[in-house]
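Survey of secondary and tertiary structure
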Amino acid sequence: QVQLVESGGGLVQPGGSLRLSCAASRSIFSINTMGWYRQAPGKQRELVARIISGGSTNYADSVKGRFTISRDNAKNTVYLQMNSLKPEDTAIYYCNWVVRGREYWGQGTQVTVSS
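Computed from a predicted model, the values in this text were never measured in an experiment.

Structural notes on the side chain of threonine 33
- Counting through the fold element by element, threonine 33 comes out in strand S4 (residues 31-39).
- When neighbours within four sequence positions are excluded, threonine 33 is seen to be in contact with Ile51, Ile52, Asn96, Trp97 and Val98.

Some thoughts on the environment of serine 53
- With respect to the secondary-structure elements, serine 53 resides in the loop between strand S5 (46-52) and strand S6 (57-59).
- Sequence spacing of serine 53 and threonine 33 is 20 residues, and the spatial spacing of their C-alpha atoms is 5.7 Å.
- If near-sequence neighbours (up to four positions away) are discounted, serine 53 is found in contact with Ile31, Asn32 and Arg71.

Re the pairing of strand S8 (residues 77-82)
- Of all six residues in S8, five are buried, a share of seventy percent or more.
- Pairing of strand S3 (residues 18-24) with S8 involves six bridges; the strand directions are antiparallel. Residue pairing in the sheet places arginine 19 in a bridge with glutamine 81 of S8.
- Here six bridges tie strand S7 (residues 67-72) to S8, and the two strands are oriented antiparallel to one another. Residue pairing in the sheet places threonine 68 in a bridge with glutamine 81 of S8.
- Once S7 ends, the chain turns through four residues before running back antiparallel as S8, passing asparagine 76 with a positive phi of about 50 degrees.

Describing the nonpolar core
- Grouped together as the largest cluster of nonpolar side chains are 30 residues, with contacts concentrated most on Trp36, Leu80, Met82, Tyr93 and Trp97.
- Taken together, the elements giving at least two residues each to this core come down to S3, S4, S5, S7, S8, strand S9 (91-99) and strand S11 (109-113).
- Here this core gets five residues from one element, more than from any other, and that element is S9.
- Residues in contact with tyrosine 93, not counting those within four places in the same chain, are Glu6, Leu20, Trp36, Tyr37, Arg38, Val48, Phe67, Leu80, Met82, Gly108, Thr109 and Val111.

A few points about unusual backbone geometry
- Backbone geometry at serine 84 places phi at a positive 50 degrees, although glycine is not the residue there.
- Residue position: serine 84 is located in the loop between S8 and S9.
- One non-glycine residue, arginine 100, adopts positive backbone phi at about 50 degrees.
- Within the secondary structure, arginine 100 sits in the loop between S9 and strand S10 (102-105).
- For arginine 100, a relative accessible area of 59% translates into the label exposed.

Rules used in this analysis
Residues numbered from 1 in each chain as written. Predicted model: local features only at pLDDT ≥ 70, side-chain atom pairs only at ≥ 80, totals over all residues. Heavy atoms only, no water. Helix = DSSP H or I, 4+ residues; strand = E, 2+ residues; numbered from the N terminus. Contact = heavy atoms within 4.5 Å. Buried < 20%, exposed > 50% of the residue type's maximum accessible area, 1.4 Å probe, protein only. Pairing = 2+ DSSP bridges. Core = buried A, V, L, I, M, F, W, Y, C linked by side-chain atoms within 4.5 Å.

This is how it looks when you write it as C-alpha coordinates:
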(Lines give C-alpha, C1' and ligand atoms only; values in the text may rest on other atoms or scores of the structure.)
Protein backbone atom coordinates (compact mmCIF):
# COMPACT_ATOMS: atom_id res chain seq x y z
CA GLN A 1 0.00 0.00 0.00
CA VAL A 2 1.21 3.48 -0.88
CA GLN A 3 0.27 6.59 1.03
CA LEU A 4 0.71 10.01 -0.50
CA VAL A 5 0.96 13.06 1.73
CA GLU A 6 0.54 16.54 0.30
CA SER A 7 1.70 19.80 1.80
CA GLY A 8 2.23 23.41 0.82
CA GLY A 9 -1.28 24.69 0.28
CA GLY A 10 -2.60 27.89 1.79
CA LEU A 11 -3.90 31.38 1.17
CA VAL A 12 -2.04 33.59 -1.29
CA GLN A 13 -2.77 36.88 -3.01
CA PRO A 14 -3.28 37.05 -6.77
CA GLY A 15 0.07 37.06 -8.51
CA GLY A 16 1.71 35.16 -5.71
CA SER A 17 3.38 31.75 -5.64
CA LEU A 18 3.05 28.47 -3.80
CA ARG A 19 4.88 25.16 -4.02
CA LEU A 20 2.98 21.96 -3.35
CA SER A 21 4.74 18.76 -2.36
CA CYS A 22 3.54 15.18 -2.48
CA ALA A 23 5.64 12.59 -0.70
CA ALA A 24 5.16 8.85 -0.83
CA SER A 25 5.32 6.78 2.34
CA ARG A 26 8.00 4.49 0.89
CA SER A 27 10.22 4.02 -2.12
CA ILE A 28 8.21 3.13 -5.17
CA PHE A 29 9.26 1.55 -8.44
CA SER A 30 7.49 1.16 -11.74
CA ILE A 31 5.69 4.48 -11.50
CA ASN A 32 3.65 5.15 -14.61
CA THR A 33 2.71 8.77 -13.89
CA MET A 34 2.95 11.33 -11.08
CA GLY A 35 0.52 14.17 -11.26
CA TRP A 36 -1.64 16.86 -9.73
CA TYR A 37 -5.38 17.32 -10.10
CA ARG A 38 -7.62 19.99 -8.67
CA GLN A 39 -11.28 20.38 -7.85
CA ALA A 40 -13.00 23.70 -7.37
CA PRO A 41 -16.40 23.98 -5.66
CA GLY A 42 -19.16 22.84 -7.97
CA LYS A 43 -16.73 21.66 -10.64
CA GLN A 44 -15.32 18.35 -11.73
CA ARG A 45 -11.83 17.27 -10.80
CA GLU A 46 -9.40 18.19 -13.55
CA LEU A 47 -5.83 17.35 -14.44
CA VAL A 48 -3.40 20.18 -13.72
CA ALA A 49 -0.05 18.61 -14.58
CA ARG A 50 1.66 15.25 -14.69
CA ILE A 51 5.00 13.62 -15.34
CA ILE A 52 5.04 10.43 -17.36
CA SER A 53 7.60 7.73 -16.56
CA GLY A 54 9.95 8.75 -19.37
CA GLY A 55 10.09 12.29 -18.01
CA SER A 56 7.74 14.07 -20.37
CA THR A 57 5.17 16.42 -18.88
CA ASN A 58 1.60 17.47 -19.59
CA TYR A 59 -0.10 20.64 -18.42
CA ALA A 60 -3.63 21.95 -18.53
CA ASP A 61 -3.85 24.88 -20.92
CA SER A 62 -4.99 27.13 -18.09
CA VAL A 63 -1.71 26.67 -16.18
CA LYS A 64 0.86 26.47 -18.96
CA GLY A 65 3.67 28.94 -18.43
CA ARG A 66 2.72 29.47 -14.78
CA PHE A 67 2.96 26.03 -13.14
CA THR A 68 5.88 23.60 -13.21
CA ILE A 69 5.80 19.98 -12.14
CA SER A 70 8.99 18.26 -11.03
CA ARG A 71 10.10 15.23 -9.08
CA ASP A 72 12.85 14.12 -6.75
CA ASN A 73 13.20 10.38 -7.06
CA ALA A 74 15.57 10.14 -4.10
CA LYS A 75 12.92 11.71 -1.87
CA ASN A 76 9.96 9.94 -3.50
CA THR A 77 8.41 13.35 -3.93
CA VAL A 78 6.69 15.27 -6.68
CA TYR A 79 6.34 19.05 -6.61
CA LEU A 80 4.07 21.60 -8.22
CA GLN A 81 5.51 25.11 -8.38
CA MET A 82 2.68 27.56 -8.95
CA ASN A 83 3.48 31.12 -10.00
CA SER A 84 1.33 34.06 -11.05
CA LEU A 85 -1.61 32.56 -9.22
CA LYS A 86 -5.10 33.69 -10.12
CA PRO A 87 -8.37 33.53 -8.16
CA GLU A 88 -9.58 30.85 -10.58
CA ASP A 89 -6.75 28.61 -9.38
CA THR A 90 -8.57 28.29 -6.06
CA ALA A 91 -9.32 24.62 -5.47
CA ILE A 92 -8.38 21.54 -3.53
CA TYR A 93 -5.27 20.09 -5.13
CA TYR A 94 -4.80 16.33 -5.13
CA CYS A 95 -1.69 14.33 -5.80
CA ASN A 96 -2.18 11.31 -8.06
CA TRP A 97 0.30 8.56 -8.81
CA VAL A 98 -0.25 5.60 -11.09
CA VAL A 99 1.93 2.65 -10.11
CA ARG A 100 1.80 -0.49 -12.24
CA GLY A 101 -1.62 0.59 -13.45
CA ARG A 102 -3.07 1.26 -10.01
CA GLU A 103 -4.08 4.75 -8.93
CA TYR A 104 -3.17 6.33 -5.61
CA TRP A 105 -4.51 9.65 -4.33
CA GLY A 106 -3.42 12.04 -1.65
CA GLN A 107 -5.86 13.57 0.81
CA GLY A 108 -5.85 16.97 -0.90
CA THR A 109 -4.54 20.38 0.07
CA GLN A 110 -6.51 23.62 -0.17
CA VAL A 111 -5.17 26.45 -2.29
CA THR A 112 -7.00 29.77 -2.01
CA VAL A 113 -6.06 32.74 -4.16
CA SER A 114 -7.68 35.88 -2.86
CA SER A 115 -6.90 39.46 -1.95
